Amino acid sequence: MDVIYDWMMSSWINGLVVDYPWTWPTLETLHFLGLCLLLGALLIMDLRLIGFQRTIPLGAVHALTPVAVTGFAINLVTGLGFVFGDPETYTANYAFWVKMVLVLLAGLNYAVFALRVEPSLARLGPRDAMPLSAKAVGVASLAVWFGVLAYGRLLPYVGG
Amino acid sequence: MGILAWLEASGLAEWVRTSTVGYPLMITAHAIGMAVMVGLAFLLDMRLLGMFRGIPFPALHRFFAVARAGFAINFLSGVALFTTEATTYVSDFMFVSKIALVLAGAATALWLQAAVGRDSTSWSDAVAPGAVRLVAVLSILCWVGATITGRLIAYL
C-alpha cells in the first residue's frame, strides 16, 4: 500500500492539488457538472425504459448514451484527481469504497441491459408496454446512481 | 435583520446544525435536487438547440415536470440550509450571486416549457425558433453559473 501511496503522492496531479488552491474547487465543480450530464441523460433513458413518456422512440433515447458516457468520463478523470490528490484520506473512508462498489454495480447493470435486455427491445412496436426486464434495469440504474451521488456527497461526513 | 436572526434561532436551523442526520440529509437532498434540475435542464436545452432530434418536442413536457420536482427538493433543502446561517448568507456575495442565477435559470425553464407546450407542434423539421435556442443557451449559462457559485460559497 505504501508504495502506491508514495507513487500517487509524488504524481503531477498531486502536485497540482497541493501547489494551487484553485485545483480542488475546479475538480469539484467539474465533478458536479459531470454528474448532472450523467444523471440528466440517465433520467430520460431510464424513465423511458420504465415506460414513462412512450411517445419517445427507444432509438431516440439510445442516442443520449454519449451524453451519459461524457458525464461519466468527466467524473472518472476528476475522481482520479481527488484520489491522487489525497490518497490516504479517500482510501481510509468507508463511504468512498461503498461508492466505488456502487459504480461497479451500475456498470454490471449496464452490461445486463446491453447484452440481454436491449436486444429484446428490438421487437417492440412504438408505444408498446415495456417488458419487466427493461423496467428492472431502469429502476436499478437510477437507484444505484443516486446511491453513488448520496455516498459521494456524504464522503466528508462518514469519514474513516 | 429581525427575521433572519429569528430564522437562525429557529428549531429547524438548530436541528440542521446540530443533529447527526440534519446537515448530511439536507446537503444530500440538495445534491439530488441539483442533479435532477440541472441535469434535465442541460438535456432539455441540448434538445432545444437541435441535438437528439428523434425526441419529439411535446414529449419534453413531462420531463420539465420532473425537473420542477428537483427544483422543489432544492428549494426546501436550500431554505433549511439557509436558516442555519441566515444572517451571514444574506450578505455573502457568492450566495447572493447563486440565488440570482438560480432564479434566472428557473425563469428560463418556465419560459421554455411554455414555449414548447404552446408552439412546438408548429416547429418545422423539429428545429426550434431562434428565440427558443437563445433562451436555451441562457439556461445552460445560468445553471452552470449556479453550480459554480454554489460550490464556491464554501471557499470564498
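What counts, and where the lines are drawn
- Residues numbered from 1 in each chain as written.
- Chains lettered and ligands numbered in written order.
- Predicted model: local features only at pLDDT ≥ 70, side-chain atom pairs only at ≥ 80, totals over all residues.
- Helix = DSSP H or I, 4+ residues; strand = E, 2+ residues; numbered from the N terminus.
- Buried ≥ 20, exposed ≤ 12 C-beta atoms within 10 Å, placed from the backbone.
- Core = buried A, V, L, I, M, F, W, Y, C linked by C-beta atoms within 7 Å.
- Contact = placed C-beta atoms within 7 Å.
- Nonpolar A, V, L, I, M, F, W, Y, C, P; charged D, E, K, R; others polar.
- pLDDT = per-residue confidence, 0-100.

## Some points on the overall build of chain B
- Scanning chain B from terminus to terminus reveals 7 helices and 0 strands.
- The helix and strand sequence of chain B, counted from the amino end, reads α-α-α-α-α-α-α.
- For chain B, the spread of C-alpha atoms along the three principal axes comes to 55 × 25 × 25 Å.
- Burial statistics for chain B: of 156 residues in total, 36% are counted as buried.

## Let's talk about the nonpolar core
- Ranked by internal contacts, the top residues of the largest apolar core, which has 63 residues, are A:Cys36, A:Ala41, B:Ala35, B:Leu40 and B:Ala41.
- If one sorts the elements of this core by residue count, helix α3 (residues 23–50) of chain A sits on top with 13 residues.
- Not counting chain neighbours up to four residues away, the residues in contact with B:Ala41 comprise B:Ala67, B:Gly105, B:Ala109, B:Ser139 and B:Trp143.
- Membership of the second largest hydrophobic core comes to 5 residues, among which are B:Ala13, B:Met26, B:Ala80 and B:Leu81.

## Topic: the interface of chain B and chain A
- Contacts between the two partners involve 27 residues from chain B and, on the opposite side, 29 residues from chain A.
- Counting only elements with at least two residues in the side of chain B that touches chain A, the list comes to α3 (22–48), α4 (61–84) and α7 (130–152) of chain B.
- Per-element tally for the side of chain B that touches chain A: the top contributor is α3(B), with 13 residues.
- Across the side of chain B that touches chain A, the residue classes tally to 21 nonpolar, 4 polar and 2 charged.

## Quick look at the confidence of the model for chain B
Residues and elements named next belong to chain B.
- Looking at chain B as a whole, the pLDDT averages 96, with 99% of positions reaching at least 70.
- Taken element by element, chain B is modelled with least confidence in helix α1 (residues 2–8), mean pLDDT 95, and with most confidence in α7, mean pLDDT 98.
- Complex prediction metrics read pTM 0.96 and ipTM 0.95.

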